[in-house]
Amino acid sequence: MDNFRQWTPHAPMGWNSWDCFGASVTEAEVRANADYVAGRLKPFGYEYIVVDIQWYEPQANSWAYHQFTDLAMDDECRLIPAASRFPSAADGAGFAPLAAYVHQLGLKFGIHLMRGIPRQAVHQNRTFAGGRYAARDVAANNICPWNSDMYGLDMTQPGAQVYYDQLMALYASWGVDFLKVDDICDSRLYGMLQPEIQAIRRAIDQTGRPMVLSLSPGPADIEKGAFLQQNANMWRLTDDFWDTWDQLKAMFPVVAKWAPFVREGNWPDPDMLPLGAIRQRAREKDPTQPRSRFTKAESQTMLTLWSLLRAPLFLGGDLTYGGEEEALFTNPALLTMRQTLQDAWQEAADDTTVVWRGISADQQYLAVFNLTDKATALAASMQLPAAARSVWQPAAGAKALIPAHGVGLWAFAPATR
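All values derive from a computational prediction rather than experimental measurement.

The rules behind these values
- Residues numbered from 1 in each chain as written.
- Predicted model: local features only at pLDDT ≥ 70, side-chain atom pairs only at ≥ 80, totals over all residues.
- Heavy atoms only, no water.
- Buried < 20%, exposed > 50% of the residue type's maximum accessible area, 1.4 Å probe, protein only.
- Helix = DSSP H or I, 4+ residues; strand = E, 2+ residues; numbered from the N terminus.
- Pairing = 2+ DSSP bridges.
- Core = buried A, V, L, I, M, F, W, Y, C linked by side-chain atoms within 4.5 Å.
- Domains from an automatic or database assignment.
- Contact = heavy atoms within 4.5 Å.
- Axes fitted to C-alpha atoms, helices over the stretch in contact; angles between N-to-C directions.
- Expected span 1.5 Å × (residues − 1).
- 1 Å grid on protein atoms, 1.4 Å probe; cavity = no way out; pocket = protein on both sides within 12 Å on 5 of 7 lines; lining within 4 Å.
- Points joined across faces, edges and corners; volume = space filled by probe spheres on them.
- Nonpolar A, V, L, I, M, F, W, Y, C, P; charged D, E, K, R; others polar.
- Parallel < 35°, antiparallel > 145°, perpendicular 65-115°, else oblique.
- Left-handed = near helix turned anticlockwise from the far one by under 90°.

Colleague: Would you mind showing me how to read the pairing of strand E16 (residues 364-370) here?
Modeller: Regular strands place side chains that alternate from one sheet face to the opposite one. The buried fraction of E16 amounts to six of the seven residues, a majority that puts the element mostly inside the structure. Pairing of strand E15 (residues 353-359) with E16 involves seven bridges; the strand directions are antiparallel. Counterpart to Gly358 in the pairing with E16 is Tyr365. A loop of four residues connects E15 with E16, the two strands running antiparallel in sequence. Pairing of E16 with strand E18 (residues 407-412) involves six bridges; the strand directions are antiparallel. Looking at E18, one finds that Val368 is bridged to Gly408.

Structural data, given as structure tokens:
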């Protein structure tokens, strides 16, 4: 059972369709972003291409959900890609052709999954496992409060595990490498659905395919941290994270609290990186603000904090629009730190400043975050070796001002004894 942790010796990196396309991403858009990752970002470690929620909804056309609409479903009560949006999925092919395309690029393919069994399978009194079980008999009345697609599963019913086993077998046959399972880590009304998490873990392991398991949404219960380590590769620490300073500032105590749970194969997840061209399908999209609202300094703060946690890095923008932020999330010195850190921790925090330190085999790191609205100098009490190198401002060294909402991050050799 513990073998799943070997599938992710480093926290996964890649692209996810949610921040830019919401519930309505198309196959053409997935392929275009996969091409971009393969052509420009794969050398930096970005390799997962994840299709987020409602890929089975034929009429999806925005960021929002069409509640109680008809969904694409097979004869075994399993949702399948809507061919109107994913043409290669027609005639029962599912996501196999798209996964094969992603794999040919040298990348890995992932999908989003709502926990449970489709609502319409229950309402239509459908059966699965060759007619042995009825959807109504395994459904639990613990419905997601923000999406109408599914009923939960009553894991005391014998057919419930069979349903998840069949579902994971289908995904394995498609060539899925990554599963983001939603409404399960904190289901708002019902908390963490531990029996369903365990059932999904068993079903994945039974397939023999190394599918990375990511649980959403947060906030995850830290009292269940050991349980999460035993069953998942990634778990969300907060609700959806967006491009506002208030949300980023609020992430500091959350990340500090979860840092001790980081280990190979277990990666606490502060959520995707809302950089670049996001909200492409948002109904409330502001034409004067077509890209992330984060300043350059705030983007550096986010990337530094995520990297100190050794967290997953999933880009949320439509990469085909390009942008200056690419130089930030491909910063070689930052990514080296993230990949080689052996430990990192919050050393101090107050209303104006947060200080982190980290160590690798041959480097020490100091990160000083400026929470104020004005640039500030490094405190005189924080002495840095003359050879310290700035990760973000290599030409400026230790004397550079730390910008408002920004970070100073330095690397230096350990002191000799």
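Colleague: So what exactly am I meant to see when it comes to the nonpolar core here?
Modeller: The nonpolar side chains of a soluble globular protein tend to be buried with one another. Residues Ile117, Met168 and Tyr171 are the most contacted members of the largest nonpolar core, which totals 132 residues. The leading source of residues in this core is helix H6 (residues 158-174), at ten residues. Residue-level mapping places this core at the junction of two domains, with at least three residues from each of domain 1 (3-330) and domain 2 (349-412). Val368, Leu378, Ile402 and Phe412 belong to the second largest nonpolar core, which has nine residues in total.

Colleague: Which parts of the structure should I look at to understand the sheet that holds E16?
Modeller: Pairing between the strands of a sheet is mediated by backbone hydrogen bonds and can be parallel or antiparallel. Across the sheet, which stays open at both edges, the five strands sit in the order E14-E15-E16-E18-E17 with antiparallel pairing between neighbours. Edge positions in the sheet fall to strand E14 (343-349) and strand E17 (389-390), since each of these pairs with one other strand and no more. Bridge count between E14 and E15: six bridges; the pairing is antiparallel. Residue pairing across strands places Ala349 opposite Val354, the latter belonging to E15. Together, E14, E15 and E16 form the strand contacts of helix H9 (residues 245-258), whose direction differs from that of E15 by roughly 50 degrees. Where helix H10 (residues 296-308) meets the sheet, it contacts E14, E15, E16 and E18, and its direction lies at approximately 140 degrees from that of E16.

Colleague: For this particular structure, what's the right way to read helix H2 (residues 27-41)?
Modeller: Between its first and last C-alpha atoms H2 spans 20 Å; for 15 residues at 1.5 Å apiece the expected length is 21 Å, and the two agree. The set of residues buried in H2 consists of Glu27, Glu29, Val30, Asn33, Ala34, Tyr36, Val37 and Leu41. The inward-facing, buried residues of H2 contact strand E1 (13-16), helix H1 (18-21), strand E2 (48-51), helix H3 (96-104), strand E13 (313-315) and helix H11 (326-329).

Colleague: Whenever I open this one, the environment of Ala60 confuses me. Can you help?
Modeller: Mapped onto the elements, Ala60 comes out in the loop between E2 and H3. The class for Ala60 is buried, based on a relative accessible area of 12%. In this structure the C-alpha to C-alpha distance between Ala60 and Gly22, which are 38 residues apart in sequence, comes to 9.4 Å. Excluding residues within four positions of it along the chain, Ala60 makes contact with Ala23, Ser24, His66 and Arg85.

Colleague: I keep staring at the layout of surface pockets and nothing clicks. Help me out?
Modeller: Any empty space left between atoms is shown by rolling a water-sized probe over those atoms. Within this model, the largest pocket holds a volume of roughly 270 Å³. In terms of residue class, the lining of the largest pocket is built from nine nonpolar, two polar and nine charged. Its boundaries defined by the atoms lining it, the second largest pocket holds a volume of some 190 Å³. Lining the second largest pocket are Leu275, Gly276, Arg291, Ser292, Phe294, Thr295, Lys296, Ser299, Glu324, Glu325 and Leu328.

Colleague: Looking at this structure, I do not really get the packing of H6 against helix H7 (residues 194-207). What am I missing?
Modeller: For any two helices packed against each other, one specifies the inter-axial angle together with the distance between the axes. Here H6 crosses H7 at 45 degrees, and the two axes come no closer than 8 Å. By the criterion of interaxial angle, the relationship of H6 to H7 is oblique. In the crossing of H6 with H7, the sense of the turn from one axis to the other is right-handed. Between H6 and H7, the residues in contact are Gln161, Tyr164, Asp165, Met168, Ala169 and Ala172 and Glu196, Ala199, Ile200, Arg202, Ala203, Ile204, Gln206 and Thr207, respectively. When its residues are assigned to classes, the contact of H6 with H7 shows eight nonpolar, three polar and three charged.

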